[in-house]
Amino acid sequence: MKGDTVRNAINAHGWVGLIISVPLFLIFWAGAFTLFQMEVQQWATLAHFPVEKSERQKLPLNQLVNQTLQTLNFDNRRNIKLLLPSEHKPYIDMIVPTFDSNEQAKEVANWKAKQGSIPEEEYLNQLAQLPRSKSYKELLIDPANGKILADNHPFELAHFLDTMHYSLKLPQGLYLVGLVTFFFLVIVFTGIVIQFKNLIRNFFLYRHNKKTRYQMNDIHNVVGVISLPYGLMYALTGVMLNLSILFQIPTLFVLYQGDQESMVQDAGLAQVTQVISGKDYSMPNLDELIQDINQSRNTSIQRLNLYNYYDKHAFIRLNGIEHNTFAKVISAYYKVEDGSLPKKLNLQEESRFYKGIRLLYNIHMANYAGVDLRFIYFILAMGVCGMIIAGNVLWIAKRQKELAGSKTLAIARGLTLGGCAGAIPATAIAFLLERTLPVVYTYRADTVMYSFGIVLLICMIAAFLNKQYKHFVSRCFIASALILAILSIIDITAYGSTLIQLWQAQFTAPLGVSISVLFISILLAWVGVKVNRNH
Amino acid sequence: MLNVAYSLPIDRDIYLLIGFIGGVLLWAGIMSYFYCANTLKPIAISFAVFIVSAAINTLFYTQAIS
C-alpha cells in the first residue's frame, strides 16, 4: 500500500468518522440494549403486574378479542396486531386501529349501509376512498380473563431504545440511519486500508505508558480489528435493512419495467392488498387455527395480524419461528372467506432471496441466540461504542495543541464527545424513570423519552464548556454509576420480593436485568474512577 | 449493468440476492477507493463505466415500455 493512499485513507477515516460518530454511537448503544429488548420490557412490566404462575388458564382468543373490541371504536379497514403470551411473557399485547372521531365512524357505517343499492365495483371503490383513520390503542391484556391492564402503553423504554436504534427517533430517521450505516461501511473499508499491514503485527500493542493519543490509537485499533467481522456484518445488514428502497426502485423500473407484482413474487415478499367488502362475516376459531399451523409447520405462533376483521375479505397472518432451525420465520396468510392459505401470499418458502435476507436479518437481530450469545453481541457492541469514543478522543488529542482554546475544538468536543459519552447517563436516567414513574401517569412514556434527550443535550453543553475531556468522560461514567446505584436500591427495597417471586414462577428476566443494572453500576464507577486517576 | 447481468443463467431470486448484497459492498468499495485515490483518473474511469451502464439500462427500459 502506497504512503499517499494510506494518508488519504487516514484523512477520510478520521473526518467521516468524526462526522458520523454521534449518530453511529447512538445506533450501536441503543442496538446493544435492543438485544435484550424482551428482557427489559419484562423488567419494566412484570414488576408492576406480577403473576403467580407461568402456566395459567387462558380465555379463548376469539372471546378475548371480541370483548376487547366492544370497548373500542374499532376501524376494521386496518389490521389488528396481537402479540401472544410466551413462556417468558405472560401477557397479550394488542394494537387496535380506531376511528379518529365518531363522525368518521358514522361516515364509514353509512357507506356500508349502501351495500347492494349501488353497483358492487363502484361501492368498493367509494369505500376504499373514504378518509383513512390514524388512531390506535395499545393494550396490555391479561390472557386469563381478558382484563385490560394498561391502555396508555406506559412501558415504552425498550421500544424507545429499539426505535432509537433504527431511526434515532427522528423524522425520516430510517434513511438517515441507513446513510450513517453506509458511511460506517466506508470507514470499515478505509480502516482496513490503514491497518492492512499491521493487522497482526500490532494486534497486542497497547502503549500504556505513552501519551493519551497513543493509548487511544491502540485501543481504537485493537477493538477495531477484533470487532471487524462483527462491524462489517452490522454495516452491511444495516444498509440493507434501512436503504433497501434505493435498490428496489431501480430494480423495479429497470429489470421489471414497473411490474411490482412480479418483483414482489420473485423476492417472496407478499402483502395483503385486499380492501374491505363492507359485508360482515364470522371469524374462524383463532385458537384452532394457531394449533393447526403450529402442528403443520412445526412452530409456535407468536404474532397475529388480523386484516379486515369481521369482514368477508378478512385475512389472518400468523408469524412464528420454526423449531430446531436457525430462527427460520414462518409466516402464513389465511384467507377467512374460503379457509385457504393462498399460494400467491405464501411465497416465502420458495424464494431464496427472502431466505437469504431473512438469514442476514436474523444474524443482525441475534433472534436465534440465547442469552449467552446475545451477551457476546452486547460486549462487542459496547466495544464498538468504546472504539468510537477512543476515535473521538484521538481526533481531539491530535489537535489539542494547534487548536487550543478555539471554538472549533470546543464544538467538536461538545458535539462528538458530549453526544457519545452523554448517552450513558441519558440511558441511566431513562431506566430510573421507567422504574419510578407511576403507571397511571398519562405522559409516562413521553417523560422517559424526553428525559433521555434532555440529559443528552445537557451533556453536550457540558462537554462544550469543559476543556478537560478526560475529566468530562470520567464524570459521565460516575454520574451514570450513581443513577444506576439508586435504581438498584429502589429495585431491592421496593420490588425485591416481587422480583424473587417472579424468578420462582420461572420469569427470570426481571431479576436478571436488576442484577445486571447493579453490575453495570459497579463497572461504570470503576472505569470512571480509573479514568479520573489517569487525568 | 443490471440488464446485462440479468441475462446470466441464474434464477431470479438468487440474482436479486447477489445483486442486493453485492450492490451495497460495491457502492461502499467504490466510495472508499475514491477517498484513497490521489488523482481524478480512477474517478473519471468509474464515471465512464457508469455512463455506459446507464445507457444500456435506458436502452433496455425504453425498448420494454415501447
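Residues numbered from 1 in each chain as written. Chains lettered and ligands numbered in written order. Predicted model: local features only at pLDDT ≥ 70, side-chain atom pairs only at ≥ 80, totals over all residues. Heavy atoms only, no water.

### Some details on the pairing of strand β5 (residues 299-307) of chain A
Residues and elements named next belong to chain A. How we decide: Note: two strands are recorded as paired if DSSP finds a minimum of 2 bridges between them. Secondary structure is summarised from DSSP: a helix means a run of H or I of at least four residues, a strand means a run of E of at least two, and numbering begins at the N terminus for each.
In this structure, strand β1 (residues 80-83) lies alongside β5, joined through four bridges in antiparallel fashion. Note on β5: the bridge partner recorded for I80 is L306. As judged from the eight bridges shared by β5 and strand β6 (residues 315-322), these two strands associate in the antiparallel manner. Opposite I301, over in β6, you have G320 as the bridge partner.

### Considering the interface of chain B and chain A
Convention followed: Residue contacts follow a heavy-atom distance rule, with two residues in contact if any of their heavy atoms lie within 4.5 Å. Put simply, buried area is how much 1.4 Å-probe accessible surface two parts lose in total, over both of them, once they are put together. The salt bridge definition used is simple: a Lys or Arg side-chain nitrogen within 4 Å of an Asp or Glu carboxyl oxygen. Definition of a polar contact: a pair of N or O atoms within 3.5 Å, with one able to donate and the other able to accept a hydrogen when the atoms are protein atoms, and with sequence-neighbouring residues admitted only if both atoms are side-chain atoms.
Contacts between the two partners involve 28 residues from chain B, matched on the other side by 36 residues from chain A. Summed over both sides, the interface between chain B and chain A buries roughly 2,900 Å², with carbon and sulfur atoms accounting for 78% of that surface. For the interface between chain B and chain A, the tally reads three salt bridges. Along the contact surface separating chain B from chain A lie six residue pairs in polar contact (both at pLDDT 80 or more). Among the secondary structure elements, those contributing two or more residues to the side of chain B that touches chain A are α1 (2-6), α2 (12-36) and α3 (41-65) of chain B.

### Here's the deal with the pattern of salt bridges
Stated formally: The buried label goes to any residue with under 20% of its type's maximum accessible area, the exposed label to any with over 50%, and the partly exposed label to all in between, with areas taken from a 1.4 Å probe on protein chains only.
The full count for this structure, using the stated rule, is 10 salt bridges over all chains. A salt bridge links R77(A) to D75(A), with the nearest nitrogen and oxygen atoms 3.1 Å apart. D75(A) shares its class with R77(A); the two are buried. With a shortest N-O distance of 2.6 Å, R435(A) and D491(A) are connected by a salt bridge. Taken together, the positions of R435(A) in helix α16 (residues 423-436) and D491(A) in helix α18 (residues 469-504) put the pair 56 residues apart, joining distant regions of the chain. Here the salt bridges share partners, and the residues they tie into one network are R352(A), D11(B) and D13(B).

### Notes on the packing of helix α6 (residues 157-167) of chain A against helix α7 (residues 173-195) of chain A
Residue and element names in this part refer to chain A. Worth spelling out the cut-off: Lines fitted to the C-alpha atoms define the axes, with helices restricted to the stretch that makes contact. Angles between their N-to-C directions range from 0 to 180 degrees. Angles below 35 degrees are treated as roughly parallel, those above 145 as roughly antiparallel, those between 65 and 115 as roughly perpendicular, and all remaining angles as oblique. Here the nonpolar group is Ala, Val, Leu, Ile, Met, Phe, Trp, Tyr, Cys and Pro; Asp, Glu, Lys and Arg are the charged ones; every other residue, Gly included, is treated as polar.
The contact between α6 and α7 brings their axes to 7 Å, and the two run at 60°. Between α6 and α7, the crossing angle belongs to the class labelled oblique. The residues of α7 that touch α6, namely those facing H165, Y166 and S167, are G173, L174 and V177. Looking at the contact of α6 with α7, its residues break down into three nonpolar, three polar and no charged.

### Focus: the confidence of the model for chain B
Residues and elements named next belong to chain B. We count it as follows: Values of pLDDT, which run from 0 to 100, indicate the predictor's confidence residue by residue.
Averaged over all residues, the pLDDT of chain B equals 82, while 86% of them reach at least 70. In the model of chain B, α1 stands out as the element of lowest mean pLDDT, 64, in contrast to α2, which has the highest, 90. The complex model carries a pTM of 0.86, and its ipTM stands at 0.85.

### Details of unusual backbone geometry
Residues and elements named next belong to chain A. The residue K169 is not glycine, and still its phi comes out positive at about 60°. Relative to the helices and strands, K169 resides in the loop between α6 and α7. A positive phi is found at Q506, a non-glycine position, where the angle reads about 75°. In this structure Q506 comes out as exposed when scored by relative accessible area, which is 54%.

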